[in-house]
Every structure is written in C-alpha cells, then in structure tokens.
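What follows is each chain in one-letter form.
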Amino acid sequence: MPSFDVVSKIDIAELDNAVNQAKKEISTRYDFQGVNGDIVLAPDKTSITVKANSEEKVQAAKEVLLNKLAKRGISLLALEYEPIEKTGLSNVKQLIKLQQGIPVEKSKELVKLLKDSKMKVQGSIQADQLRVTGKNKDDLQAAMALFRKEADKLQLDMQFTNFRD
C-alpha cells in the first residue's frame, strides 16, 4: 500500500554551520564592538541561546542568526522563541528552542485535516512523525499538497520522506 511519512527534522550540520557563521559575523561587526554578545548552540542541539548586554543587541544578534539559518535552508518555523530574560550584570539572553519531530497535538491536527478533506487516505501517528497511507500515489500527492498549503497556518516545519509506491 502506498505511503509516506511526514517528519520535522533540522539538519544538524547546517544548523552548526549557521550558528558558527552568525558568531563570526557578530564578532566582526562594528556595532558589536565592546559588547559581550554571543550565540551558543546547546551541546544536545535542542536550543540556541542569544546573549548580549541589551535587548536591542539580542534582537540584532537574533536577526543575524535568523538570516544565516534561512540562507542555510533551515525553516524558521522550526524555531520557538522564549521571552527575553535578564541575567546578572545587566546582561540579557533569549532562548530559542529547536523543534525536532512533530508534536502529538500537531499530528492530531494533521490527521483531522486529512479527515475533513474527505481524501481517501489515512494518517497514523507514530511517535514524532505521521504516516499517511492511501490506495494510490495520486491521493498521497494531493495530501502532500494540502499539508504544504496549510503549513503556515499550523506553524509547523515539515518534510515528506519514505515515499513508497
């Protein structure tokens, strides 16, 4: 039976490259001279911390980071921003969480979307991904088109893998 998987994964190598490029640009920019600004990728690669001595500098560093992520092909929908918080010595930081896998609530929304569309496909939630099966590949391609169209409304970065005939 034809099927495909809907997943949400970030290429870790590209993420690492984007963070390193953003760090390098911040270290050479004139407006960051004398500012203790930094971008730190967590060792487990699940979050990024942007640090600086003012909220404006955190926003500027975050914009540099987002620009580098977009150029590297990492979807900005895979990022979840925490509020900016104060740390000691008049410094501030912002935590950016990275989405790996599709949350169960979003998977349920995708399954509901399939059922509401009256397509002849079924969705089954499997841990952090969604498997869609159908009788023919045309139905599956229609389901992919539907998911792409609704991706912005769902605020979800998704890729389609494991397409089987």
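Residues numbered from 1 in each chain as written. Predicted model: local features only at pLDDT ≥ 70, side-chain atom pairs only at ≥ 80, totals over all residues. Heavy atoms only, no water.

Observations regarding the nonpolar core
Thinking step 1. Of all hydrophobic cores here, the largest spans 26 residues; its most connected members are L15, I39, I48, L65 and L69.
Thinking step 2. Broken down by secondary-structure element, the contributors of at least two residues to this core are α1 (12-28), β2 (38-41), β3 (47-52), α2 (55-71) and β6 (92-98).
Thinking step 3. For L69, the contacting residues outside a window of four places in its chain are L15, A18, I74, L76 and L79.
Thinking step 4. Among the nonpolar cores identified, the runner-up in size contains 17 residues, and I102, L110, L130 and L140 belong to it. (Core = buried A, V, L, I, M, F, W, Y, C linked by side-chain atoms within 4.5 Å. Buried < 20%, exposed > 50% of the residue type's maximum accessible area, 1.4 Å probe, protein only. Helix = DSSP H or I, 4+ residues; strand = E, 2+ residues; numbered from the N terminus. Contact = heavy atoms within 4.5 Å.)

A few points about α1
Thinking step 1. Relative to the 24 Å expected for 17 residues at 1.5 Å per residue, α1 spans 25 Å between its end C-alpha atoms, a close match to the ideal helical length.
Thinking step 2. At its buried positions, α1 is contacted by β2, β3, α2 and β6.
Thinking step 3. Its side-chain oxygen placed 3.3 Å from the backbone nitrogen of A13, D11 serves as the N-cap of α1. (Expected span 1.5 Å × (residues − 1). Polar contact = N/O pair within 3.5 Å; in protein donor to acceptor, adjacent residues only side chain to side chain.)

Describing the sheet that holds strand β9 (residues 159-164)
Either a parallel or an antiparallel arrangement is found when strands of a sheet pair, and the pairing is made through backbone hydrogen bonds.
Thinking step 1. Strands sit in the order β7-β8-β1-β9 across an open sheet of four strands; the sheet is antiparallel. Both edges of this open sheet fall to β7 (121-126) and β9, since each of them pairs with a single strand only. Taken pair by pair, the neighbouring strands of this sheet meet at an average axis angle of 20°, ignoring direction.
Thinking step 2. In this sheet, strand β8 (residues 129-134) lies alongside strand β1 (residues 3-7) in antiparallel orientation, the contact comprising four bridges. The residue bridging D5 from the neighbouring strand is R131, located in β8.
Thinking step 3. Of the strands in this sheet, β1, β7 and β8 touch helix α3 (residues 104-116), which is tilted by about 170° from β7. (Pairing = 2+ DSSP bridges. Axes fitted to C-alpha atoms, helices over the stretch in contact; angles between N-to-C directions.)

Read these as spatial facts, not as claims about activity.
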